[in-house]
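What follows is each chain in one-letter form.
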Amino acid sequence: MESFPDIMRHVLTHSVGDTLYLIPFLFATYLLMEWLEHKTGGKTEAAIRRAGAAGPIAGALLGVVPQCGFSAVAATLWAGRVITLGTLFAVFLSTSDEMLPIFIAEQVPLDVILKILGAKVVIGMVMGFVVDAAVRIARRESKKLRIHELCEQDNCGCNGDCATCEESPELAYDFEHDEDHDHDHEHGSIVRSALRHTLRVAVFIFVITIVLNGVLEVVGEDVLADFLGSNPVLSVFGSALVGLVPNCAASIVIAQLYVEGALGSGAMLAGLLVSAGVGLLVLVRTNRRVRENLMVIVALYAMGVSWGLVVNALGIVF
């Protein structure tokens, strides 16, 4: 039995090496993502606002594009009733937050990444249309725009005249002044924003890797794999619960555990389906109807768990 100092030395050595190895891949990926969002962010938002009844299709397709703040944009648009509830779910379910950078950095095979992204897009579309159909049958969702409410609560600069906001719903929430939004467009520094994002995620990865390596050193990789393998249902519920954490750390944890082989396909998919990043935070901030927000969060969790259990039951492996 190794002594505690020896175990810590091994854990730190492996964790530092694993993290440093990923940084160049992370930076390259985030640089591309920042450039993509800088060039297409406005067009993407406009496209989903014009989608109408086809909102879930547009939401799922646009949500899967690696843009950091699109789930937050969708949350704001739904709070103003510019998009449907089904479109909001489509965006949340297809958004992967930090999954793609982690998978690319870990050199996960391209076909595996495409299968996972494809599954999230299809599930987002299906559930989006199901939700919109259910809302129409129940006749519960108001079609009245609530943009003026967002203007009043966030002081977007309409000065009491919300005609401007109705033409430009994005004014209802100023993401460039939100501390959780990592874009640095105001200073025109895509490189600096990508570097900041890379360093922040690298810190999360380092901490998570220390914990995971520590568990593997003490418990043993075979024991951990046997435990998770013998509790596939429990792992689905737990992974989806972690995915609800409105922070990039959630998807990082899930992606890392999947890459390490500690999570199966069902648990991984359940967690990543509900990993909407800061979208949930923005939803709570912009939509002041607490009951509606709770219903969205509970429904999102139920969808993630349900699809994770389906994947396990069918024996699907990505």
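Caption draft 1: How the structure looks around the pattern of salt bridges. Per the stated rule, a full pass over the model turns up one salt bridge. Here E292 makes a salt bridge to R81, at a shortest N to O gap of 2.9 Å. Pair noted here: E292 is in helix α15 (residues 290-314) and R81 is in the loop between α3 (70-79) and α4 (85-94), with a separation of 211 residues, a long-range link. Under the relative-accessibility criterion, R81 is labelled buried at 7%.

Caption draft 2: Quick look at α4. Within α4, ten of the ten residues are buried, leaving the element largely enclosed by the surrounding structure. Burial in α4 covers these residues: L85, G86, T87, L88, F89, A90, V91, F92, L93 and S94.

Caption draft 3: Representation of the environment of V296 within the structure. In this structure, V296 sits in helix α15. Taking the relative accessible area as the measure of exposure, V296 reaches 4% and is therefore buried. V296 sits 211 residues away from L85 along the chain, and the two C-alpha atoms are 8.8 Å apart.

Caption draft 4: Main features of the nonpolar core. Of all hydrophobic cores here, the largest spans 63 residues; its most connected members are L88 and F318. Per-element accounting of this core gives the leading share, nine residues, to helix α6 (residues 110-138).

Caption draft 5: Summary view of the packing of α6 against helix α13 (residues 265-273). Running from amino to carboxyl end, α6 crosses α13 at an angle of 55°, the nearest separation of the two axes being 11 Å. Classed by the angle they form, the pair α6 and α13 counts as oblique. As for the relative orientation of α6 and α13, their crossing is right-handed in sense. Across the interface between the two elements, I116, K120 and I123 from α6 touch M268, L269, L272 and L273 from α13. A per-class count over the contact of α6 with α13 returns six nonpolar, no polar and one charged.

Parameters at a glance
- Residues numbered from 1 in each chain as written.
- Predicted model: local features only at pLDDT ≥ 70, side-chain atom pairs only at ≥ 80, totals over all residues.
- Heavy atoms only, no water.
- Salt bridge = Lys/Arg side-chain N within 4 Å of Asp/Glu carboxyl O.
- Helix = DSSP H or I, 4+ residues; strand = E, 2+ residues; numbered from the N terminus.
- Buried < 20%, exposed > 50% of the residue type's maximum accessible area, 1.4 Å probe, protein only.
- Core = buried A, V, L, I, M, F, W, Y, C linked by side-chain atoms within 4.5 Å.
- Axes fitted to C-alpha atoms, helices over the stretch in contact; angles between N-to-C directions.
- Parallel < 35°, antiparallel > 145°, perpendicular 65-115°, else oblique.
- Left-handed = near helix turned anticlockwise from the far one by under 90°.
- Contact = heavy atoms within 4.5 Å.
- Nonpolar A, V, L, I, M, F, W, Y, C, P; charged D, E, K, R; others polar.

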